[in-house]
Amino acid sequence: MTGENIQVCLAARPTGLPKSSDWEIRRTAIPEAGADQFVAEVLYVSLDPAMRGWMNDAKSYIEPVEIGAVMRAGGIARVRESNLAEFSVGDHVFCFTGVQQFVVSDGKGVQKVDASVAPLPTYLGALGMTGLTAYFGLLDVAEVKPEDTVVISGAAGAVGSVAGQIARIQGCRTVGIAGGQEKCAYLVDELGLDAAIDYKADNLRESLREHCPKGIDVFFDNVGGETLNTVLPLMRMHGRIAICGAISQYNNTGPVVGPSNYLSLLVSRARMEGFVVFDYQKQFPQAFKAMGGWLAEGKLKSKEQIEEGIDQFPSVLLKLFEGGNFGKLILKNTAAF
Ligand SMILES: NC(=O)c1ccc[n+]([C@@H]2O[C@H](COP(=O)([O-])OP(=O)(O)OC[C@H]3O[C@@H](n4cnc5c(N)ncnc54)[C@H](OP(=O)(O)O)[C@@H]3O)[C@@H](O)[C@H]2O)c1
């Protein structure tokens, strides 16, 4: 195959918010498929807050991205050349594509996706890791029940917007926390949440007391820091907090802001538990079926924000940390269309 493969590689480990000098845009030849490999053209790349953690040389649930390596990313790709019996030219797949235009794969951990069932970007949104994170965090970790009052931070984001809808589908009183009036109006008017709190304009503690008069049974936390600390004293007896993420802390240059109100867990006999979606791999098919059903019935909406150009990755990534995304943030490899 002739042509070039634009790759976004990690050039330096950032301090605070990643800057343009932390990246190198490399142009290489399109790779050839070796024996037992396929080459696929990347169509859509998933942008995730977790990427910030993968750039650090620190112990985590996954190895850091090496300096000089293509930035790790999940994505949707179309097979262009295949020496593997299970994958044919034209197949659409989800895998760790990296932030680049072409990926070589041995097929391990690769999942086929069906463009006739849902639009391809939805496999990075509600029908992808995003949706699965919301599903297992709420139903397995937080064990939501219909009578629960559920609060979700980062509620207009990728995971949060699905989590809010799943809580609503379960019959819970559901309150979202998000930045800005537009996002809050969307949560109530379009996604059917009972209330939404604009943490940038409202007093979070007072608003939570107003919208959760009986207290909070389940807190699905994407934000951490002061938000988590404010919620803790409002937890009801035997409440559950699912620690999905803590985006307010990912670019800290000082120590992580922790929950000084943690003794509220003791008072309310509540628990707080972190989780990583990859641990639920064996149960993905069951979750996928449920999510697909809700989407087909119109009970669940998948919102994606699609930005263009693989080489635009360094600036588009920052949208996640500035509230510049609405729903799932995706980068489209425009050269493939
Ligand atoms: N545990 C897992 O397996 C797993 C898997 C996937 C994702 N996650 C975590 O889930 C969380 C959400 O990820 P996502 O992909 O759905 O991202 P996202 O919510 O679509 O995007 C990030 C959003 O976070 C909000 N935000 C950014 N900085 C903030 C701050 N300082 N304070 C409060 N809000 C802030 C912004 O929304 P506003 O405009 O509302 O501020 C922004 O739009 C992240 O913490 C991520 O690490 C965990």
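Worth saying up front: this structure is predicted, and the values here are computed from it rather than measured.

Counting its secondary structure elements, the protein contains 10 helices and 15 strands. Over its C-alpha trace the protein gives a radius of gyration of 20 Å, about what one expects of a compact globule, namely 20 Å for 337 residues. Overall, the C-alpha framework of the protein stretches about 65 × 45 × 35 Å when taken along its three principal axes. The burial tally for the protein puts 53% of its 337 residues in the buried class. For the protein, restricting intrachain contacts to residue pairs at least 6 apart in sequence, the fraction spanning at least 24 positions comes to 66%. Carbon and sulfur atoms make up 51% of the accessible area of the protein, which amounts to about 14800 Å² in all. For the protein, the distance from the average position of its 31 positive side-chain charges to the average position of its 38 negative side-chain charges is 4 Å.

An order of S10-S9-S8-S11-S12-S13 is seen for the 6 strands of this open sheet, with the pairing classed as parallel. In the strand order of this sheet, the two ends are held by strand S10 (195-198) and strand S13 (271-274), each with one partner. On average, adjacent strands in this sheet sit at an angle of 15° to one another, irrespective of strand direction. Pairing geometry for strand S8 (residues 149-153) and strand S11 (residues 216-221), over 3 bridges, is parallel. Paired with Val150 across the bridge in S11 is Val218. Against the sheet, helix H4 (residues 181-189) makes contact with strand S9 (173-178) and S10, and its axis sits at roughly 170° relative to S10, the strand it touches most.

Time to look at the state of the cysteines. Scanning the model with the defined rule gives 0 disulfides in all. The cysteine Cys95 is free of any disulfide, with Cys9 supplying the nearest cysteine sulfur at 17 Å. By relative accessible area, Cys95 is classed as buried at 5%. For the unlinked cysteine Cys172, the closest cysteine sulfur is that of Cys212, found at 12 Å. Exposure remark for Cys172: the relative accessible area of 5% places this residue in the buried category.

Okay, the site of the ligand next. By nearness alone, 25 residues border the ligand, and Ala158, Val159, Lys183, Tyr199 and Asn325 come closest of all. Contact distances for the ligand include 2.6 Å between an oxygen atom and a side-chain N or O atom of Lys183. In isolation the ligand offers 920 Å² of accessible surface; the protein chains occlude 88% of this area. Breaking the shell around the ligand down by element, the ones donating at least two residues are helix H3 (158-169) and helix H10 (319-322). For the shell around the ligand, the residue count by class is 15 nonpolar, 9 polar and 1 charged.

This brings us to the pattern of salt bridges. As enumerated under the stated definition, the model contains 13 salt bridges in all. One connected set of salt bridges, linked through shared partners, spans Glu143, Arg271 and Glu273.

So, on to the pairing of strand S5 (residues 92-96). The buried count for S5 comes to 4 of 5 residues, which makes it a mostly enclosed element. Bridge count between strand S4 (residues 74-82) and S5: 5 bridges; the pairing is antiparallel. Paired with Ala77 across the bridge in S5 is Val93. Alignment of S5 against strand S7 (residues 111-112), held across 2 bridges, turns out to be antiparallel. Opposite Phe94, over in S7, you have Gln111 as the bridge partner.

Scanning all chains against the criterion turns up 12 aromatic pairs. Ring geometry for Phe38 against Phe87: centres 4.9 Å apart, planes inclined by 50°, an arrangement best described as tilted. Separated by 49 residues along the polypeptide, Phe38 in strand S3 (residues 38-46) and Phe87 in the loop between S4 and S5 bring together distant segments of the chain. In this pair, the class of Phe38 matches that of Phe87, namely buried. With 6.3 Å between their ring centres and 45° between their planes, Tyr135 and Trp294 make a pair best called tilted.

Take the side chain of Arg240 next. Within the secondary structure, Arg240 is located in strand S12 (residues 235-243). Classification of Arg240 as buried rests on a relative accessible area of 7%. Within the local environment of Arg240, its side chain forms a polar contact with the backbone oxygen of Glu143, the two atoms lying 3.0 Å apart. Separated by 3.3 Å, the side chain of Arg240 and the backbone oxygen of His238 make a polar contact. Filtering out sequence-adjacent residues up to four positions away, Arg240 remains in contact with Ala142, Glu143, Val144, Lys145, Asp148, Asp217, Val218, Phe219, Met235 and Arg271.

With that out of the way, let us pick up the side chain of Ser105. Mapped onto the fold, Ser105 is located in strand S6 (residues 102-105). Given the relative accessible area of 10%, Ser105 is considered buried. Side-chain polar atoms of Ser105 contact the backbone nitrogen of Gly107, separated by 2.8 Å.

Rules used in this analysis
- Residues numbered from 1 in each chain as written.
- Predicted model: local features only at pLDDT ≥ 70, side-chain atom pairs only at ≥ 80, totals over all residues.
- Heavy atoms only, no water.
- Helix = DSSP H or I, 4+ residues; strand = E, 2+ residues; numbered from the N terminus.
- Rg over C-alpha atoms; globule rule 2.2 N^0.38 Å.
- Buried < 20%, exposed > 50% of the residue type's maximum accessible area, 1.4 Å probe, protein only.
- Contact = heavy atoms within 4.5 Å.
- Areas by Shrake-Rupley, 256 points an atom, 1.4 Å probe, with all protein chains shown as cover.
- Lys, Arg positive; Asp, Glu negative; His and termini not counted.
- Charge placed at Lys NZ, Arg CZ, Asp CG, Glu CD.
- Pairing = 2+ DSSP bridges.
- Axes fitted to C-alpha atoms, helices over the stretch in contact; angles between N-to-C directions.
- Disulfide = S-S within 2.5 Å.
- Near = heavy atom within 4 Å.
- Polar contact = N/O pair within 3.5 Å; in protein donor to acceptor, adjacent residues only side chain to side chain.
- Nonpolar A, V, L, I, M, F, W, Y, C, P; charged D, E, K, R; others polar.
- Salt bridge = Lys/Arg side-chain N within 4 Å of Asp/Glu carboxyl O.
- Phe/Tyr/Trp six-rings, centres within 6.5 Å; stacked < 30°, edge-to-face > 60°.

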